[in-house]
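A structural walkthrough
Below are the chains, spelled out letter by letter.
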There are 2 protein chains.
Amino acid sequence: MDGISKKLYLTMEKPTEEDSRSSQRRILDALDALGIKAAMTLPVLRSLYPLCDRADWKITASLAWDGSRWMVVRLEAGDTSNCHYGYAVDLGSTTVVTRLINCTTGECMGETSSFNGQIAYGTDILTRIFYCKDQPDKLEELRRTTVDSILDTMEKLRADTGIAPEDCIQTVISGNTTMIHFLIGIDAFCVFSTPYAVRADAPDFLPGREVGIPVSGYVYCYPGKSNYLGGDIISGMVETEIYKKEEVCAFFDIGTNGELVIGNREFLLCGAGAAGPALEGGVVRTGMRAEPGAVERVQIKDGAFVLDVIGGESPRGICGSGIVDMIAELFVSGWIDLRGKFHPEASPLIQRRCVEDPAMHTEMDDADPDHRIEYAVEYGPGLYFYQSDIDEFVRTKAAAYTMVECMLKESGITMDDISEFYVAGAFGKHVSKESAVTIGMYPDMPRERIINAGNASLDGAQKLLLHKDRLEDIDGLLEKMIYIQFGAVEDFLHIMVAAQALPHTDLQRYPSVVNRLSQRQQSAENKRSDL
Amino acid sequence: MDGISKKLYLTMEKPTEEDSRSSQRRILDALDALGIKAAMTLPVLRSLYPLCDRADWKITASLAWDGSRWMVVRLEAGDTSNCHYGYAVDLGSTTVVTRLINCTTGECMGETSSFNGQIAYGTDILTRIFYCKDQPDKLEELRRTTVDSILDTMEKLRADTGIAPEDCIQTVISGNTTMIHFLIGIDAFCVFSTPYAVRADAPDFLPGREVGIPVSGYVYCYPGKSNYLGGDIISGMVETEIYKKEEVCAFFDIGTNGELVIGNREFLLCGAGAAGPALEGGVVRTGMRAEPGAVERVQIKDGAFVLDVIGGESPRGICGSGIVDMIAELFVSGWIDLRGKFHPEASPLIQRRCVEDPAMHTEMDDADPDHRIEYAVEYGPGLYFYQSDIDEFVRTKAAAYTMVECMLKESGITMDDISEFYVAGAFGKHVSKESAVTIGMYPDMPRERIINAGNASLDGAQKLLLHKDRLEDIDGLLEKMIYIQFGAVEDFLHIMVAAQALPHTDLQRYPSVVNRLSQRQQSAENKRSDL
């Protein structure tokens, strides 16, 4: 591994009157002999004595890249070169995921996550931003909380592995622009307010102890491209390496916001937009996080729901992947039409109901003048999926597809030119590709070319930890990326409206869905004729 | 000035939706346009907002060289580029001298000194070293005291000029190896114990706040060559630039220890040895520091002493420059001979006296069996200069001259090859060249080639502050310097003994002294024949 840290065992001759070089010089000369020019931090200078003598001049030096040179950041007696660790951190607005990496072998020693403590200041980012806007004391609270959430994951990893932050050299953090602003203690209002020029987008390598993370070396934060296209996406680029490929690829990260990059080694277009909390189960009335009790897979077989529930329990709600399945199945089964509207005659499970919030169930009153009557389908005991849930979700999926469509339009290429379509994040990991294509959220392309990129943000952090040369890649790709304002794309509204059909008003774009629909119809007709 | 700091006024366009580069990027781009690639410290990232907006994007950036790149270490609103300051510090074991420099003009805004607080732990360095040897808590006391002594000078300069450490970017410190060890908190026993391999001899640039000196940038400590040849001498080299000259020069720093460098752009020989506290008035019984009441100039005219006393008071003792004059005058007047022994018949002021310590005057008892009777000359009311004072001083001057002689022998050059003979430090500043040549402490060479280098250590610190390219010089000259162990030089003892005569056993080396002696003799004979 040729990463941003090194751990080197050095055996040196002890000083004599003939060779009375200083301890510092002996170590730097020994490193020089290995081809490494380095400098030393003050804590290391202070540790030279009595360490070197006691260790009989057999010591292990920890080296950290500081952005421009190698710094000796720690000395240990004896050979500890195999204890060479670092952290990769995905600093999400909801969850912090941290991996402890053996930087010699590249092996992952452990991965853990914690909720981001910022949640206490608001579940959505804007609330957090307003909480501390122009209030340095409160900003410091947010900063402290962010650091503590990271430290919490590190403490969990210590409990699991016995390896403490002090035993680690470098930390690579990928996070969106707001998260990085909070991490280093900068007001983040700029992220969401015109003219969307942020404060700091390339913190680079900062001393760990200054950031508050007690590794011996530095904290590297992935730089961002713009307010909505942060270090988490750049990290995903580094992981998927689409900027190195000959064929055109797309990288799509869908969550509350959607970020999209399309390009190859010649060009990179990028853009971001609101995708909507619908994807995370936040808008659907029985929506919930992917926890035990959440429906994660939905099928309609012989007119009945077949559900997969996390933990095998009885269902309490439905999470993102379940929602996508639900809409795809309703559509393919003919229970909803191209516009996403229920056809009540298709199933006795579709009924008119008063729209209710399960949390407020007992308080809802049918006589309430504000109550709304809608069609809904009962997908589990007492669990209803409403027309307005579908409408909301369809708007969300349209927003996502519109990004792809707009960017293709800007670049003058077609979907057929896309060789690989990476979907990053929890959505890409859990959602059925087939369902996502069926509802027109993903383009209709050979399924093996739709690639679940997993937590590409975290993977990219790990990759940088282990491959120092990626730093040069980052400079290059940031320069190459061209930011597209989707709203400014010609025909934006047209594109958006067309994407609000299931799967799309232009069915030629979705041949496999047309095919699936006709197969289902055929099979339904066959069944009817069998009777 | 092209120093190790910069202060640059930047006027930037404010962000727009079309140009929404981050605050950080705007500043780094503006610097880039001036040809400077820089990075930012965490405190600077945190200060970007609201500073840039409030200053309407007219800001001044302080840049500090960190040893490998330019770091933006401070931002200020408006144009403060003419408030560009730094410190040069001579960290002596007795005195800390600090200059506040305008780093744009090179002008010295003020110079001040404080006693080194380490004195409380022992007047001589060894006592201080033993005080904290292998005791980290006590070492920390010494470190704190050293830093406080420097801060004390900075506070004095603030009182004088209104310019605080926070307004300064860089600090350059020159000090001997022990001083630098204490400054950064490293046990210094290594300096005086075999095999004389010290711990750290090139601290390079350390963040000011880590060292404890609250400048916005870094503290640079001059590197040392060896235990006895510290950063103060390297600083003197940078000041005098003998490493750049075509003709061979000598650089001699005489204090408690003597350090000597001889060479030019082709070669550099260096060495160090105990010179002796005699030079600082520490051994002579009526010796004292160069304070009011100290005799600083001595002449013998018509058989009587003519004294210059600091402050014009009545004399209380004699300081270094007075001692050198004293011995030269006694010798030229024939009151002492080539071996430095009194000729009592030469003056009625020479008498046999019980050796007394003025501090113990009342307690001395002539009947004491341990008392010693010696010749002494009364140079002022109740002030005696003893035979043993002379003997001690002659040993000291012999040690100093021996260094020069040994080094010439090693290099195969002669005194005539030396084009300039720099004498650094308080000794060089205050001692009469004529007297120093007369007693054989300096070589007998044209007086204009004996150059008072003043506080070359401090001057060299200032020079580096203002000339970044000297950093490369330092690497080169450290490599070029060859350390000579004087004791290992062939004929060392011979050379030493020969140097114990006044001015030297080989009078051919001192033609001007021979000439002076014969002139005096002539004049005395003329006077006698006049009578």
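Please refer to the structure higher up on the page.
Attention in this report is confined to the structure presented alongside it. Since this is a predicted model, take the numbers as computed values, not measurements.

Time to look at the nonpolar core. Core analysis: the largest hydrophobic core is formed by 101 residues, its most contacted members being A:Ile173, A:Leu183, A:Ile213 and B:Ile27. A total of seven residues in this core trace back to one element, the largest contributor, which is helix H4 (residues 136-161) of chain A. When neighbours within four sequence positions are excluded, B:Ile27 is seen to be in contact with B:Leu10, B:Met12, B:Met40, B:Leu48, B:Cys52, B:Ile59 and B:Leu75. Within the second largest apolar cluster, 100 residues are counted, among which are A:Met12, A:Phe205, A:Phe251 and A:Met481.

Attention now moves to the interface of chain B and chain A. Every contact between the two is made by 42 residues of chain B and, on the other side, 42 residues of chain A. Interface of chain B and chain A: buried area, both sides summed, is about 3500 Å²; carbon and sulfur atoms make up 47% of it. Our count for the contact surface shared by chain B and chain A stands at six salt bridges. Ionic pairing is found between B:Arg69 and A:Asp204, a salt bridge with its closest N-O pair at 3.9 Å. For the side of chain B that touches chain A, the leading source of residues is helix H2 (residues 42-54) of chain B, giving seven residues.

One pass over the structure, following the stated rule, counts two cavities of 30 Å³ or more. Its boundaries defined by the atoms lining it, the largest cavity holds a volume of some 70 Å³. Lining the largest cavity are 13 residues, and of these B:Thr177, B:Ala200, B:Asp201, B:Gly224 and B:Gly231 sit closest to its centre. Taken as a whole, the second largest cavity encloses approximately 50 Å³ of empty space. Forming the walls of the second largest cavity are A:Thr177, A:Ile180, A:His181, A:Ala200, A:Asp201, A:Pro203, A:Tyr222, A:Pro223, A:Gly224 and A:Gly231. Residue contributions to the lining of the second largest cavity peak at three residues, all from helix H5 (residues 177-184) of chain A. Split into classes, the residues belonging to the lining of the second largest cavity amount to five nonpolar, four polar and one charged.

Quick look at the relation of the copies chain B and chain A now. Between chain B and chain A, the superposition needs a rotation of 180 degrees and an axial shift of 0.0 Å, giving an RMSD of 0.1 Å. Such values leave the two copies arranged in the relation of a two-fold axis. Considering only C-alpha atoms, the part of chain B nearest the rotation axis is B:Ser68, at 3.5 Å. Both copies share a contact surface, since 100% of the interface residues of chain B are interface residues in chain A too.

Looking now at helix H8 (residues 320-332) of chain A. Residues and elements named next belong to chain A. Along its 13 residues, H8 runs 18 Å from first to last C-alpha, staying within 8% of the 18 Å computed at 1.5 Å per residue. Burial analysis of H8 places 13 of its 13 residues in the buried class, the great majority of the element. After H8 finishes, the residue Gly334 shows a positive phi value of roughly 80 degrees.

Before going further, it helps to examine H2(B). For H2(B), the principal kink sits at B:Leu48 and spans about 55 degrees; a proline, B:Pro50, occurs within the next four residues. Among all positions of H2(B), only B:Leu42, B:Val44, B:Leu45, B:Leu48, B:Tyr49 and B:Cys52 are buried.

This brings us to the sheet that holds strand S10 (residues 218-221) of chain A. Residues and elements named next belong to chain A. Here we have six strands laid out as an open sheet, ordered S7-S6-S5-S8-S10-S9, and mixed in their pairing. Of all strands in the sheet, those with a lone pairing partner are strand S7 (108-115) and strand S9 (204-207), marking the two edges. Across the sheet, the mean angle from the axis of one strand to that of its neighbour is 20 degrees, orientation sign disregarded. Pairing geometry for strand S8 (residues 168-175) and S10, over three bridges, is parallel. Looking across to S10, one finds that Thr171 is bridged to Val219. Taken strand by strand, H5 contacts strand S5 (85-91), S8, S9 and S10, and its axis lies near 135 degrees from that of S8.

Moving on, we get to the packing of helix H3 (residues 125-132) of chain A against H5(A). When two helices pack together, you describe them by how their axes are tilted relative to each other and by the distance separating the axes. Residues and elements named next belong to chain A. Two elements in contact, H3 and H5, have axes whose closest approach is 11 Å; the angle formed by their N-to-C orientations is 35 degrees. Of the two elements, H3 crosses H5, and the hand of that crossing is left-handed. On H5, the residues that touch Ile125, Arg128, Ile129 and Cys132 of H3 are Thr178, Met179 and Phe182. Taken together, the residues of the contact of H3 with H5 sort by class into five nonpolar, one polar and one charged.

Take the sheet that holds strand S21 (residues 450-454) of chain B next. All names here are of chain B. With respect to topology, six strands assemble into an open sheet ordered S21-S20-S11-S12-S13-S22, the strand pairing being mixed. Either end of the sheet is taken by a strand with one partner, and the two such strands are S21 and strand S22 (481-483). Averaged over all adjacent pairs, the angle separating strand axes in this sheet is 20 degrees, with direction ignored. Where strand S13 (residues 268-274) meets S22, three bridges bridge the pair, whose relative direction is parallel. Across the sheet, residue Cys270 finds its bridge partner in S22, namely Tyr483. Sitting on the sheet, helix H7 (residues 231-240) touches strand S11 (248-254), strand S12 (257-263), strand S20 (418-424), S21 and S22, and the angle it makes with S11 is about 140 degrees. The strands touched by helix H13 (residues 470-480) are S13 and S22; relative to S22, the strand with the most contacts, the crossing angle is about 35 degrees.

It is worth spelling out the side chain of B:Arg199 at this point. Tracing the sequence through the fold places B:Arg199 in the loop between helix H5 (177-184) and strand S9 (204-207). What makes B:Arg199 buried here is its relative accessible area of 11%. Dropping the residues within four chain positions of it, B:Arg199 is found in contact with A:Ser22, A:Ser23, A:Gln24, A:Leu48, A:Tyr49, A:Asp53, B:His181, B:Ile186, B:Asp187 and B:Cys190.

A word on the pattern of salt bridges. Tallied over the entire structure, the rule returns 85 salt bridges over all chains. Sharing partners across several salt bridges, the network here consists of A:Glu241, A:Lys244, A:Lys463, A:Asp469, A:Arg470 and A:Asp473.

What follows covers the packing of aromatic side chains. Counted by the stated rule, this structure contains 27 aromatic pairs over all chains. Ring geometry for B:Tyr121 versus B:Tyr131: centroids 4.8 Å apart, planes at 50 degrees, classification tilted. Taken together, the positions of B:Tyr121 in the loop between strand S7 (108-115) and helix H3 (125-132) and B:Tyr131 in helix H3 put the pair 10 residues apart, joining distant regions of the chain. Connected via pairs of aromatic rings, a cluster forms that spans B:Phe252, B:Phe421, B:Phe427 and B:Tyr442. Directly above the aromatic system of A:Tyr375 lies the positively charged group of A:Arg352, at a separation of 5.5 Å from the ring centroid.

Residues and elements named next belong to chain A. Judged by which residues are buried, strand S19 (residues 383-386) turns out to be covered on both faces: Leu383 and Phe385 on one side and Tyr384 and Tyr386 on the other are all buried. As paired strands, strand S18 (residues 373-380) and S19 are joined by four bridges and run antiparallel to one another. Note on S19: the bridge partner recorded for Val377 is Phe385.

Reading guide: rules and limits
- Residues numbered from 1 in each chain as written.
- Chains lettered and ligands numbered in written order.
- Predicted model: local features only at pLDDT ≥ 70, side-chain atom pairs only at ≥ 80, totals over all residues.
- Heavy atoms only, no water.
- Core = buried A, V, L, I, M, F, W, Y, C linked by side-chain atoms within 4.5 Å.
- Buried < 20%, exposed > 50% of the residue type's maximum accessible area, 1.4 Å probe, protein only.
- Helix = DSSP H or I, 4+ residues; strand = E, 2+ residues; numbered from the N terminus.
- Contact = heavy atoms within 4.5 Å.
- Buried area = accessible area lost by both parts, 1.4 Å probe.
- Salt bridge = Lys/Arg side-chain N within 4 Å of Asp/Glu carboxyl O.
- 1 Å grid on protein atoms, 1.4 Å probe; cavity = no way out; pocket = protein on both sides within 12 Å on 5 of 7 lines; lining within 4 Å.
- Points joined across faces, edges and corners; volume = space filled by probe spheres on them.
- Nonpolar A, V, L, I, M, F, W, Y, C, P; charged D, E, K, R; others polar.
- Least-squares fit on C-alpha atoms with pLDDT ≥ 70 in both.
- Expected span 1.5 Å × (residues − 1).
- Bend = angle between axes of the 7 residues up to and from the residue.
- Pairing = 2+ DSSP bridges.
- Axes fitted to C-alpha atoms, helices over the stretch in contact; angles between N-to-C directions.
- Left-handed = near helix turned anticlockwise from the far one by under 90°.
- Phe/Tyr/Trp six-rings, centres within 6.5 Å; stacked < 30°, edge-to-face > 60°.
- Lys NZ or Arg CZ within 6 Å of the ring centre and 35° of its normal.

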